[in-house]
Amino acid sequence: MGSYSSNYQRLVSYTKILASHVNHGRHLDALSLFHRLHASSAAALDAFVFPLALKSCAAAHRPLLGAAIHAHVTKLCFVSNPFVACAFVDMYGKCVSVSSARQLFDEIPHRNVVVWNAMISTYTHAGRVADALGLFEVMDVEPNTSTFNAIISGLSGLEDGSFKALSFYRRMGEAGLKQNLITLLALLRACVDLAVLNLIKEIHGYAIRNGIDSHPHLMSCLVEAYGRCGCIVNAQCVFDSMSTSERDVVAWSSLISAYALHGDAATALETFKQMEMEKVQPDGITFLGVLKACSHVGLADEALGYLGRMCMDYGVEATSDHYSCVVDVLSRAGRLNEAYEVINGMPVRATAKTWGALLGACRTYGEVELAEIAARALFELEPDNPANYVLLARIYASVGRHEEAQRMRREMNERGVKSAPGSSWVVYQV
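Notes on the structure follow. Throughout this description, residue numbers start from 1 for each chain and increase along the sequence as written. Local features in this predicted model are restricted to residues of pLDDT 70 or higher, and side-chain atom pairs are both shown and tallied only at a pLDDT of 80 or more, whereas totals for entire chains, interfaces and linings draw on every residue. With hydrogens and water excluded, all non-hydrogen atoms of the structure serve as input to the side-chain values.

### Focus on the packing of aromatic side chains
Only centres within 6.5 Å qualify two rings of Phe, Tyr or Trp (six-membered ring in Trp) as a pair; their planes then separate them into stacked at under 30 degrees, edge-to-face at over 60, and tilted for everything else. Applying the stated criterion to the full structure yields twelve aromatic pairs. On the basis of an interplanar angle of 80° and a centroid distance of 5.1 Å, the ring pair of F105 and W116 is categorised as edge-to-face. With a gap of eleven residues between them, F105 in helix α6 (residues 98–107) and W116 in helix α7 (residues 113–125) connect regions that are remote in the sequence. Each member of the pair, F105 as well as W116, carries the same accessibility label: buried. With a centroid separation of 5.7 Å and 85° between ring planes, the pair formed by F272 and Y306 is classed as edge-to-face. Labels follow the DSSP assignment, with helices taken as runs of H or I lasting at least four residues and strands as runs of E lasting at least two, numbered in each case from the N terminus. Partly exposed describes any residue whose relative accessible area lies between the buried limit of under 20% and the exposed limit of over 50%, with all areas from a 1.4 Å probe on protein chains only and scaled to the type maximum.

### Some remarks on the packing of helix α11 (residues 181–194) against helix α12 (residues 197–209)
The relative placement of two packed helices comes down to the angle between their axes together with the axis-to-axis distance. Note on geometry: axes are C-alpha line fits, over the in-contact stretch for helices, and angles between N-to-C directions span 0 to 180 degrees. Running from N to C, α11 and α12 point in directions that differ by 165°, and their axes come no closer than 10 Å. The angle between α11 and α12 falls in the class roughly antiparallel. Judged by the twist between their axes, the crossing of α11 over α12 is left-handed. Where α11 abuts α12, its residues L184, L187, L188 and C191 lie against L199, I200, I203, Y206 and A207. Its residues placed into classes, the contact of α11 with α12 shows nine nonpolar, no polar and no charged. Angle categories: roughly parallel below 35 degrees, roughly antiparallel above 145, roughly perpendicular from 65 to 115, and oblique for all the rest. For any pair of crossing helices, the crossing counts as left-handed if the nearer helix is rotated counterclockwise from the farther one by less than a right angle, and right-handed if it is rotated clockwise. Contacts between residues were defined by any pair of non-hydrogen atoms, one from each residue, lying within 4.5 Å. Each residue is assigned to one class: nonpolar for Ala, Val, Leu, Ile, Met, Phe, Trp, Tyr, Cys and Pro, charged for Asp, Glu, Lys and Arg, and polar for all the others, Gly among them.

### Comments concerning helix α15 (residues 249–261)
Helices are assigned an expected span. That span is 1.5 Å times one less than the residue count. Compared with the 18 Å implied by 1.5 Å per residue over 13 residues, the 18 Å span of α15 between its first and last C-alpha is a close match. When we look at burial in α15, the residues that qualify are A251, W252, S253, S254, L255, I256, A258, Y259 and A260. Next to the buried residues of α15 lie α13 (216–228), α14 (232–241), α16 (265–277) and α17 (284–297). Phi for G263, located one or two positions after α15, is positive at around 85°.

### Some remarks on the environment of A318
Inspection of the secondary structure puts A318 in the loop between α18 (300–312) and α19 (320–332). C-alpha separation for the pair A318 and Y306, spaced twelve residues apart in sequence, amounts to 11 Å. Beyond its immediate chain neighbours, meaning those up to four positions away, A318 contacts L307, M310, C311 and Y323.

### Comments concerning the side chain of E411
Following the sequence through the fold, E411 ends up in helix α24 (residues 402–414). Taking the relative accessible area as the measure of exposure, E411 reaches 12% and is therefore buried. Leaving out residues up to four positions away in the same chain, E411 has contacts with R376, F379 and Y389.

### Description of helix α3 (residues 49–60)
The terminal C-alpha atoms of α3 lie 17 Å apart, and with twelve residues this matches the ideal 16 Å at 1.5 Å per residue to within 8%. Across the twelve residues of α3, nine count as buried, placing the element largely inside the fold. Among the residues of α3, V49, F50, P51, L52, A53, L54, S56, C57 and A58 are the ones counted as buried. Backbone geometry just after α3 places H61 at a positive phi near 55°.

### Some details on the nonpolar core
Of all hydrophobic cores here, the largest spans 151 residues; its most connected members are I69, F88, L218 and L358. It is α11 that provides the largest number of residues to this core, a total of ten residues. Sequence-distant contacts of L358, that is, excluding residues within four places in its chain, are made with V327, S331, L336, A339, Y340, I343 and A374. Nonpolar core, defined: a set of buried Ala, Val, Leu, Ile, Met, Phe, Trp, Tyr and Cys residues in which side-chain atoms within 4.5 Å join the residues together.

### Let's talk about the pattern of salt bridges
Basic side-chain nitrogens of Lys or Arg form a salt bridge, by our definition, when they fall within 4 Å of a carboxyl oxygen of Asp or Glu. Following the criterion strictly, the structure yields 14 salt bridges and no others. For D106, the salt bridge is made with R102, and the minimal N-O distance between the two is 3.0 Å. Of this pair, D106 and R102 both sit in helix α6, four residues apart, which is roughly one turn of the helix. Taking the shortest distance from any N to any O, the salt bridge between E137 and R171 comes out at 3.2 Å. Taken together, the residues span a long stretch of sequence, with E137 in helix α8 (residues 129–137) and R171 in helix α10 (residues 162–174) at a distance of 34 residues. One salt-bridge network, in which partners are shared between bridges, spans E276, R309 and D313.

### Quick notes on the side chain of S295
Turning to its location among the elements, S295 is positioned in helix α17. Judged by its relative accessible area of 7%, S295 is buried. Look past the residues within four positions of S295 in its chain and what remains in contact with it is C325, D328, V329 and R332.

### Description of the packing of α19 against helix α21 (residues 352–365)
The N-to-C vectors of α19 and α21 enclose an angle of 5°; their axes lie 8 Å apart at closest approach. Considering their axes alone, α19 and α21 lie roughly parallel with respect to each other. Of the residues in α21, those touching α19 at S320, D321, S324, V327, D328, S331 and R332 are K353, T354, A357, L358, A361 and Y365.

What follows is the structure, encoded as structure tokens:
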């Protein structure tokens, strides 16, 4: 009896260490410890150990080890344990395939809400939101907050899913379920896409009433959400309510981007200086906000300086979006040849956005030669976009080269490219 008690206490102790490794992302250490525990005959492993090992298998992408654990667990008859089953569904979905996870899910005899949530989350993480919705509708147990969180998060990540995400949020309330931090973070993405300021305020108020507002991640998301919707005052207030230690790179970048988005370049750049003084390391998103601020007010030399500092001082690799901002600000300033030199010197391929900035400025300044170069690049990148053909035709016409303008329109017709009629949309709230 004493030996069993000692072995059991040892297993409990090792399980705590295993959980610590997993929770802190030390997955290789976790798998090494699991291997030692499994090789030891001192105590039989229980249903608490296997979900931890499977979580590390998924994180470290070890499908063969996961399959070996599956075979062992099947012999021990632990597969019916909902937490073990949930871990298997998650591991197969991340390491093998979603169809393998679904096959295992269908074979589980007794599925509680945790198991259903695991399969729904597997679908949403794989971008198969329609399958997740279909599974949600046939659940034979009551969904809980985690179920709705998975669906709302999946819908918010779709290009046209924001309205549906809001609908599920309302449906969650009608079911009498309480929203948590995960719900609010997922929902804020949909609010930003739709610029629904009233709902952002509703989420903020709910967070305050329920003591969630102090979470740094939520605060940073609120700064971004308010800023994207044009409510700069609220964005600044939320930022000011955060302690210095809570103001991470996400919070600073969100505030800089908010000011840049709405044309207040001076405050955006001043905020960046404050960020540097606080010794917060900027990232690519931070510099994207800074460069956009420069672009909005034509600070071409400053934009070139920030691009240089980004690489030299902070070791942040410039992407096509950063170069697009620099090309845009140089083009707006009429420095078209410099903009073209930047494009030629880019270590990454120039995007349609980059060439489009140059083409638009060529019309403003009547630069036909560069316009032809930019337009031809755009014809390759987005051959079905009528705006590029029309813009080059107008540039030809503006300098009296009407034959070339007509040729462009003929080429547009020959390629079957048609101009789409103008349209607009509004959000109507009852």
